[in-house]
Amino acid sequence: MLRSKIGGIGSYVPDKVVTNDDLTKVMDTSDEWIQERTGIKERRYGTKHEETTTTMGARAAEIAIERAGISKEDIDFIIFATLSPDYYFPGCGVLLQRELGITNTEIGALDIRNQCSGFVYGLSVADQFVKTGMYKNVLLVGAEMHSMGLDFSTEGRGVTVIFGDGAGAVVLQPTEEEGQGVLQTCLHSDGTYAEKLAFINPGSHGGYHKKHTGEEVDYGYSDAEFGEIFLNQHMLDNDQIYPNMEGQFVFKMAVQKFPQVIMEALEKAGLKKEDINMLVPHQANLRISQFVQKRLGLKDEQVWNNIQKYGNTTAASVPIALCEAWESGAVKDGDLVCLAAFGSGFTWGAALIRW
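A quick note: this is a predicted structure, and the numbers were derived from the prediction, not measured. (Residues numbered from 1 in each chain as written. Predicted model: local features only at pLDDT ≥ 70, side-chain atom pairs only at ≥ 80, totals over all residues. Heavy atoms only, no water.)

Draft legend 1. Local environment of helix H9 (residues 247-268). Here H9 contains 22 residues, and its C-alpha end-to-end distance of 31 Å stays within 8% of the 32 Å for a straight helix at 1.5 Å per residue. Among the residues of H9, Val250, Met253, Ala254, Val255, Lys257, Phe258, Pro259, Val261, Ile262, Ala265 and Leu266 are the ones counted as buried. Remark: Gly270 follows H9 within two positions and exhibits a positive phi of approximately 70°. (Helix = DSSP H or I, 4+ residues; strand = E, 2+ residues; numbered from the N terminus. Expected span 1.5 Å × (residues − 1). Buried < 20%, exposed > 50% of the residue type's maximum accessible area, 1.4 Å probe, protein only.)

Draft legend 2. Quick look at the sheet that holds strand S13 (residues 347-354). Pairing within the open sheet is mixed, and its four strands lie in the order S8-S13-S12-S11. Strands with a single pairing partner mark the edges of an open sheet, and in this sheet they are strand S8 (181-189) and strand S11 (278-281). Taking each pair of neighbouring strands and ignoring which way they run, the sheet shows an average axis angle of 10°. Looking at chain direction, S8 and S13 are connected through eight bridges and run antiparallel. Bridging across to S13, Thr185 finds its partner in Ala351. (Pairing = 2+ DSSP bridges. Axes fitted to C-alpha atoms, helices over the stretch in contact; angles between N-to-C directions.)

Draft legend 3. How the structure looks around the environment of Leu296. With respect to the secondary-structure elements, Leu296 resides in helix H10 (residues 286-296). Given the relative accessible area of 4%, Leu296 is considered buried. In this structure, the C-alpha to C-alpha distance between Leu296 and Ile262, residues 34 residues apart in sequence, is 9.2 Å. Sequence-distant contacts of Leu296, defined by excluding residues within four places in its chain, comprise Ile262, Met263, Lys273 and Leu279. (Contact = heavy atoms within 4.5 Å.)

Draft legend 4. Representation of the pattern of salt bridges within the structure. Under the defined criterion, the tally for this structure stands at 10 salt bridges. Lys25 is paired through a salt bridge with Asp22; the nearest N and O atoms lie 3.6 Å apart. Residue class for Lys25 comes out exposed when judged on its relative accessible area of 68%. Between Lys210 and Glu216 there is a salt bridge; the shortest N-O distance is 3.9 Å. (Salt bridge = Lys/Arg side-chain N within 4 Å of Asp/Glu carboxyl O.)

Draft legend 5. Quick peek at helix H5 (residues 118-131). Compared with the 20 Å implied by 1.5 Å per residue over 14 residues, the 20 Å span of H5 between its first and last C-alpha is a close match. The buried count for H5 comes to 11 of 14 residues, which makes it a mostly enclosed element.

Draft legend 6. Molecular detail of the nonpolar core. With 33 residues, the main nonpolar core has Ile6, Leu123, Val138, Leu172, Val280, Leu322 and Leu339 as its most contacted residues. Looking at this core element by element, the count peaks at six residues for H5. Apart from the residues lying within four places of it in its own chain, the contact partners of Leu339 are Phe119, Leu123, Val280, Val318, Leu322, Gly349, Ala350, Ala351 and Ile353. Among the nonpolar cores identified, the runner-up in size contains 28 residues, and Leu197, Val250, Met253 and Leu298 belong to it. (Core = buried A, V, L, I, M, F, W, Y, C linked by side-chain atoms within 4.5 Å.)

Draft legend 7. Seen up close, the sheet that holds strand S7 (residues 166-175). Sheet architecture is open: five strands sit in the order S1-S7-S6-S4-S5, paired in mixed fashion. Single-partner strands in this sheet number two, and they are strand S1 (3-12) and strand S5 (108-112). Each strand axis lies, on average, 20° off the axis of its neighbour in the sheet, ignoring direction. Across seven bridges, the pairing between strand S6 (residues 138-144) and S7 is antiparallel. Each residue of the ladder has a partner; that of Gly142, found in S7, is Gly168. In the packing of helix H4 (residues 92-99) onto the sheet, contacts are made with strand S4 (77-81), S5 and S6, and the angle to S4 comes to roughly 125°.

Draft legend 8. The packing of aromatic side chains, seen in detail. With the rule as written, the count across this model stands at 10 aromatic pairs. Judged by centre distance (4.8 Å) and plane angle (15°), the rings of Phe77 and Tyr135 are stacked. Of the two residues, Phe77 sits in strand S4 while Tyr135 sits in the loop between H5 and S6, which places them 58 residues apart along the sequence. Take Phe77: its relative accessible area is 8%, and that puts it in the buried class. The class for Tyr135 is buried, based on a relative accessible area of 18%. A connected cluster of aromatic rings, assembled from ring pairs, spans Tyr193, Phe249, Phe342, Phe346 and Trp348. Positioned above the aromatic ring of Trp33 is the side chain of Arg157, whose terminal nitrogen or guanidinium carbon lies 4.8 Å from the ring centre. (Phe/Tyr/Trp six-rings, centres within 6.5 Å; stacked < 30°, edge-to-face > 60°. Lys NZ or Arg CZ within 6 Å of the ring centre and 35° of its normal.)

See below:
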């Protein structure tokens with residue numbers, strides 16, 4: 001039976017380290033306040049005007065491609081997961097292709113917009129392409145440059161202190177070795193509470209979705225016959241162009257869905273939680289990871305957390321953490337690795353991989 005395996009993995013984080021104390025210079029916060037709520041001590045920010053979501057993704061991809069033992073020209077499909085694309089359109093997939101210097105191959109490029117669960121969703125898509133024989137070397141990238149669009153004021157601290165920049169990538173390849181590779185993926189969503197964690201403006205919604213939130217929000221729309229919807233001066237003047245998150249609500253949903261989808265994946269694969277050698281959760285909040293660890297009865301050495309160093313890098317968090325775990329020797333051949341993520345949408349998912 002043909003399966004897909006991770007043939008190569010790589011990650012990249014910018015050089016610039018931004019500590020909690022650094023953020024106290026621009027907003028009313030403290031190292032103690034941030035660590036108590038999130039577990040984060042520092043994060044990385046990309047270099048302005050030099051680094052982008054695409055360039056970071058390319059750096060991670062180059063490492064993954066080299067470790068897979070192939071050339072860039074051998075890649076036959078690209079999947080790029082991000083919520084912070086270089087452009088509103090086109091997506092980062094084609095920009096990555098150009099950055100890697102392989103536009104001449106004219107391979108397909110798909111952009112995934114599933115935020116924190118983007119890499120897990122992308123893995124599931126790549127898995128289908130490989131195990132059906134359609135492609136042999138699928139490049140899957142998760143990358144984010146959050147620092148370019150955060151509110152660095154006291155009002156925005158609840159969101160801003162959480163996020164960081166970085167990228168991770170894998171090359172999915174076919175394998176016929178029994179029991180190796182991607183064993184199971186489970187994907188879910190529930191759009192009921194979409195605005196609880198959302199980047200609403202700029203957007204083309206025109207205020208339509210307010211009926212689902214029960215809140216009256218003035219977006220400053222004019223009576224103009226054309227335009228004046230996507231972005232206007234009112235949104236700029238009233239700081240309506242930054243991410244919004246109701247932290248407590250998101251936390252409660254996450255601690256429910258994480259264990260559920262992990263157990264679902266295990267059950268479908270005919271495995272038990274005791275079979276997990278390494279859990280790599282999306283790095284949303286250290287408290288969430290610790291809660292899930294306790295629910296599953298896993299030891300500290302069975303869960304990989306690096307949010308303390310990098311913050312929440314959304315679609316990049318799972319591949320960065322997985323790469324780090326593998327590089328450290330914590331993930332070895334034959335290990336059962338569980339990836340899990342939950343985020344905006346809400347969307348969530350889990351994947352089981354026999355390394």
